[in-house]
Amino acid sequence: MTTFDAFARFAHAAPPTPPQPGQAPRPVEERLAYHSQFVTVRTPAIETLARQVRTLMVLGRHQQVTARPSLIVTGPATTGKTTALLQVGRTCHLAHTRRAAPGDDSVPVAYVLVPPGATAKTLAGEFARYLGIPVAARMTTAQITTAVCHTYTAAGIKLVLIDEIHRLNPRTSTGAEAADWLKDLTERVPATFVYAGIDVTASAVFTGVRGAQLAGRASLIDCGALPARSGDREPFRELITALEAALDLTAHRPGTLPRLTPYLHERTAGRIGSLARLIRQAAIEAILDSSERITKGLLDSIALDHLAEEHYRPRTPRRTRPGNR
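In this report, we go over the structure that sits alongside the text. What you are looking at is a predicted structure, and each value in this text was computed from that prediction instead of being measured.

Rules of the game
- Residues numbered from 1 in each chain as written.
- Predicted model: local features only at pLDDT ≥ 70, side-chain atom pairs only at ≥ 80, totals over all residues.
- Heavy atoms only, no water.
- Helix = DSSP H or I, 4+ residues; strand = E, 2+ residues; numbered from the N terminus.
- Buried < 20%, exposed > 50% of the residue type's maximum accessible area, 1.4 Å probe, protein only.
- Contact = heavy atoms within 4.5 Å.
- Areas by Shrake-Rupley, 256 points an atom, 1.4 Å probe, with all protein chains shown as cover.
- Expected span 1.5 Å × (residues − 1).
- Phe/Tyr/Trp six-rings, centres within 6.5 Å; stacked < 30°, edge-to-face > 60°.
- Lys NZ or Arg CZ within 6 Å of the ring centre and 35° of its normal.
- Pairing = 2+ DSSP bridges.
- Axes fitted to C-alpha atoms, helices over the stretch in contact; angles between N-to-C directions.
- Salt bridge = Lys/Arg side-chain N within 4 Å of Asp/Glu carboxyl O.
- Parallel < 35°, antiparallel > 145°, perpendicular 65-115°, else oblique.
- Nonpolar A, V, L, I, M, F, W, Y, C, P; charged D, E, K, R; others polar.

On a plain count of helices and strands, the chain comes out with 14 helices and five strands. The C-alpha extent of the chain, read off along each of the three principal axes, is 65 × 60 × 45 Å. Burial statistics for the chain: of 325 residues in total, 44% are counted as buried. Partitioning the intrachain contacts of the chain with sequence separation of at least 6 by distance along the chain shows that 72% fall at a separation of at least 24. Accessible area of the chain: about 16,700 Å², with a carbon and sulfur share of 54%.

So, in structure tokens, the structure goes:
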């Protein structure tokens, strides 16, 4: 995904198609492949991010003097940050493709991962790799930067998506140089920048003078766990209902999963990624064992990611007082 060719393939790939009313049952292998990919549900975070990105791209279109305003998507692990980032990038890429004149070879979106222990040079190298800019070992950071800024501007990139921003640590000398490099890039490339990372506000990214500069330019979108209830709405139940409607199982009874909302919320701590994985794995198990339906027993038999399992079934025993043994 971190090269233009890979991102373009992702953007143009047909999304998984849910079963249609009256459609004949699809072959087992096709349904297994479908559930391994599964649909992407438009969550509140995706809707908010899409709306704000659209607004900021218009806002920054004619801004020349200072860096354009940016966005930061933050939240715990497995809460859908990368999914939201990629879906907004896909939408932008496809919208540009539909409007582009014949022969237009401009590149609307860049997607870059911050490497572990990022330095200015390694981060610059990731930006170069996305567009296939040749980088030799003997090249200095300044030389790579010049090539990146020139190529990104010439390619017409309008949206830069930077994932795993929590890996940036301005408290170290190399991390500070990387943060300064990124700030310099936002002032030299005429694009809207969107960052995503785990609990960014609590990480080193927002600390010190450099953190204050980033915080002063970026709006925050919290991609946290979905609550069981928000006002008159039940967002987690709505998500479960949407995921259930997309299942391709021959014997599953509609309404089964929404009725398990309290259990599923407790089981996944409200994390979208954990919920989607649980339902996808259960659907695949149901096909493989020929039951073709998801039950609470089946859901409870599936081992989820460590975060979810530690929340639901903590391995650390509760402390007891000496007199209560």
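A separate point is helix H12 (residues 272-288). Between its first and last C-alpha, H12 extends 24 Å over 17 residues, near the 24 Å set by a 1.5 Å rise per residue. Residues Ile-272, Ser-274, Leu-275, Leu-278, Ile-279, Ala-282, Ala-283, Ala-286 and Ile-287 constitute the buried set of H12.

Bringing the packing of aromatic side chains into the picture now. Enumeration over the complete set of coordinates arrives at six aromatic pairs. A ring pair is formed by Tyr-34 and Phe-38, whose centres lie 5.7 Å apart and whose planes are at 75°; its orientation type is edge-to-face. The buried category is assigned to Phe-38, whose relative accessible area is 4%. Grouping aromatic residues by their ring pairs yields a cluster made of Phe-7, Phe-10 and Tyr-111. The ring of Tyr-34 carries the charged tip of Arg-26 above its face, separated from the ring centre by 4.9 Å. Sitting over the ring of Phe-10, Arg-90 keeps its end group 4.3 Å from the ring centre.

Most of strand E2 (residues 109-113) sits out of view: four of its five residues are buried. Both E2 and strand E3 (residues 159-163) contribute to a ladder of five bridges, which runs parallel. From the neighbouring strand, Tyr-111 faces E3, where its bridge partner is Leu-161.

Along the polypeptide, Ala-13 turns up in the loop between helix H1 (4-12) and helix H2 (28-37). A residue is classified by how much of its surface remains accessible, and Ala-13, at 37% relative accessible area, is partly exposed.

The next point concerns the sheet that holds strand E5 (residues 218-222). Reading across from one edge, E2-E3-E4-E1-E5 is the order of the five strands in this open sheet, with parallel pairing throughout. Across the chains shown, the open sheet's two edge strands, defined by having one partner strand only, are E2 and E5. Between one strand axis and the next, the sheet turns through 20° on average, direction left out of account. Two strands pair when backbone bridges link them, and strand E1 (residues 70-75) and strand E4 (residues 192-198) are joined in this way by five bridges, in the parallel orientation. Counterpart to Ile-72 in the pairing with E4 is Tyr-195. Relative to the sheet, helix H8 (residues 208-217) contacts E1, E4 and E5, its axis offset from that of E5 by approximately 80°.

Here the focus is the pattern of salt bridges. Under the criterion given, the structure shown has ten salt bridges. Across the pair Glu-187 and Lys-183 runs a salt bridge, and its minimum N-O distance is 3.0 Å. Of this pair, Glu-187 and Lys-183 both sit in helix H7 (residues 173-188), separated by four residues, roughly a single helical turn. Notably, a salt bridge pairs Glu-234 with Arg-237, separated by 3.2 Å at the nearest N-O pair.

We now examine unusual backbone geometry. Located in the positive-phi region is Glu-164, a residue other than glycine, with phi close to 60°. Owing to a relative accessible area of 21%, Glu-164 belongs among the partly exposed residues under this scheme. Located in the positive-phi region is Ser-290, a residue other than glycine, with phi close to 70°. You can call Ser-290 exposed: its relative accessible area is 58%.

Put simply, helix H9 (residues 235-245) and helix H11 (residues 261-268) touch, their axes get as near as 10 Å, and they point 100° apart. It follows from the interaxial angle that H9 and H11 lie roughly perpendicular. Judged by residue contacts, Phe-236, Arg-237 and Ile-240 of H9 engage Thr-261, Leu-264, His-265 and Thr-268 from H11. Looking at the contact of H9 with H11 residue by residue, the class counts come to three nonpolar, three polar and one charged.

Once that is clear, we can look at the packing of H1 against helix H4 (residues 81-99). Where H1 contacts H4, the two axes come as close as 9 Å, and the packing angle between them is 85°. What the angle tells us is that H1 and H4 run roughly perpendicular. Where H1 approaches H4, its residues Phe-4, Phe-7, Ala-8, Phe-10, Ala-11 and His-12 are matched on the opposing element by Leu-86, Gln-87, Gly-89, Arg-90, His-93, Leu-94 and Thr-97. Among the residues forming the contact of H1 with H4, the class breakdown is seven nonpolar, five polar and one charged.

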